[in-house]
Amino acid sequence: MSDEASSLDPARIADIAKRLDRPVVLVGLMGVGKSTVGRRLANAVSRDFVDADEAIEEAAQRSVSEIFEEFGEAYFRDGERRVIARLVEEGTGVIATGGGAFVDAETRALILDSAIAVWIDAELETLVERTGRRNTRPLLRNGDPAEILGRLLTERRPHYSQAQVRVVSCDGPHMRTVDAILEELDTWL
């Protein structure tokens, strides 16, 4: 199986897609693959895909890092909530959120009420390896990434665990995670 092809029967995927009556919002820590998996999931169910961080950057005409540095995390989270609310209201098919979005109580309530939250979880070692590939993570710039990610995972797990669906991402083709999400959506729907 290539990384681009699902192992699921196309008719089953079409049936799952037909039953999706609201956006699928991917939540989880940075490095779990929300954006990459989200694009492939959207393609599999013939829906559009939006990365919330990219939508925020477009609206603000600044990078997420610049927003954090210039205005702080609280300001960023407020803008993030407004962008996610707009994307959910527009009925965007699959939305990848930033790692902290679902921690915000208002954003989490909005997603749980109007969308299907899918928590993509991963082992700490996988997260450290994946996030180490680029230096674009504001929360990892001032300290040991393994320690920071471990602390964030501990702090955020109670929030992420409220998602309607949970899958574990592992080191393998991203389509394995997409297939796991489709399987869990099929069960949940």
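The rules behind these values
- Residues numbered from 1 in each chain as written.
- Predicted model: local features only at pLDDT ≥ 70, side-chain atom pairs only at ≥ 80, totals over all residues.
- Heavy atoms only, no water.
- Helix = DSSP H or I, 4+ residues; strand = E, 2+ residues; numbered from the N terminus.
- Rg over C-alpha atoms; globule rule 2.2 N^0.38 Å.
- Buried < 20%, exposed > 50% of the residue type's maximum accessible area, 1.4 Å probe, protein only.
- Contact = heavy atoms within 4.5 Å.
- Areas by Shrake-Rupley, 256 points an atom, 1.4 Å probe, with all protein chains shown as cover.
- Arc of directions from axis to C-beta.
- Polar contact = N/O pair within 3.5 Å; in protein donor to acceptor, adjacent residues only side chain to side chain.
- UniProt positions renumbered as here; feature names shortened; annotations may be inferred.
- Pairing = 2+ DSSP bridges.
- Axes fitted to C-alpha atoms, helices over the stretch in contact; angles between N-to-C directions.

Enquirer: What should I look at first to understand the overall build of the protein chain in this one?
Expert: Summing up its helical and strand segments, the protein chain has nine helices and five strands in all. The linear arrangement of helices and strands in the protein chain, starting from the amino end, is α-β-α-β-α-α-α-β-α-β-α-α-β-α. Computed over the C-alpha atoms, the radius of gyration of the protein chain is 16 Å, within 12% of the 16 Å expected from 2.2 N^0.38 for a compact globule of 189 residues. Principal-axis analysis of the C-alpha atoms gives the protein chain an extent of 50 × 35 × 30 Å. Here the protein chain holds 189 residues, and the buried ones make up 47% of them. Considering only intrachain contacts with a sequence separation of at least 6, the fraction spanning at least 24 residues in the protein chain is 76%. Summing over all exposed atoms, the protein chain offers an accessible surface of approximately 9100 Å²; the carbon and sulfur share of this is 47%.

Enquirer: Looking at this model, I keep getting lost on helix H3 (residues 52-60). Mind explaining?
Expert: Within an α-helix, residues lying three or four positions from one another point in the same direction, as the helix has 3.6 residues per turn. All of the buried residues in H3 are Ala 52, Ala 55 and Ile 56. The buried residues of H3 all sit within an arc of 100° when viewed along its axis, so they share a single face. Residues of H3 that are buried in the fold lie against strand E2 (49-51), helix H4 (64-71), helix H5 (73-89) and strand E3 (94-96). N-capping of H3 is provided by Asp 51, with a side-chain oxygen placed 2.8 Å from the backbone N of Asp 53. Taken from the residues just after H3, Gln 61 is the one with a positive phi, measuring 55°.

Enquirer: I'm lost on the UniProt feature "binding site: ATP" (unreviewed entry) in the protein chain in this one. Help?
Expert: UniProt feature "binding site: ATP" (unreviewed entry): in the numbering of this structure it lies at Gly 31, Val 32, Gly 33, Lys 34, Ser 35, Thr 36 and Arg 137. Among the secondary structure elements, Gly 31 is positioned in the loop between strand E1 (24-27) and helix H2 (34-44). Within the secondary structure, Ser 35 sits in helix H2. When sequence neighbours within four positions are dropped, the list of residues in contact with Ser 35 reads Phe 49, Asp 51 and Ala 96.

Enquirer: Explanation requested: unusual backbone geometry in the structure shown.
Expert: Across the chain, the bulk of peptide bonds are trans and the bulk of non-glycine residues have phi less than zero. Unlike most non-glycine residues, Ser 46 shows phi in positive territory, near 55°. A positive phi angle, near 55°, is found at Gln 61, a position not held by glycine. Along the polypeptide, Gln 61 turns up in the loop between H3 and H4. Since its relative accessible area comes to 65%, Gln 61 is described here as exposed.

Enquirer: What's the story with the sheet that holds strand E4 (residues 116-121) in this structure? I'm lost.
Expert: Either a parallel or an antiparallel arrangement is found when strands of a sheet pair, and the pairing is made through backbone hydrogen bonds. Read across the open sheet, the five strands follow the order E2-E3-E1-E4-E5; overall the sheet is parallel. The open sheet has two edge strands with one neighbour each: E2 and strand E5 (165-168). For this sheet the average axis-to-axis angle between neighbouring strands, irrespective of direction, equals 20°. In terms of strand pairing, E1 meets E3 through three bridges, oriented parallel. For Val 24, the partnering residue across the bridge sits in E3 and is Val 94. Sitting on the sheet, H3 touches E2 and E3, and the angle it makes with E2 is about 65°.

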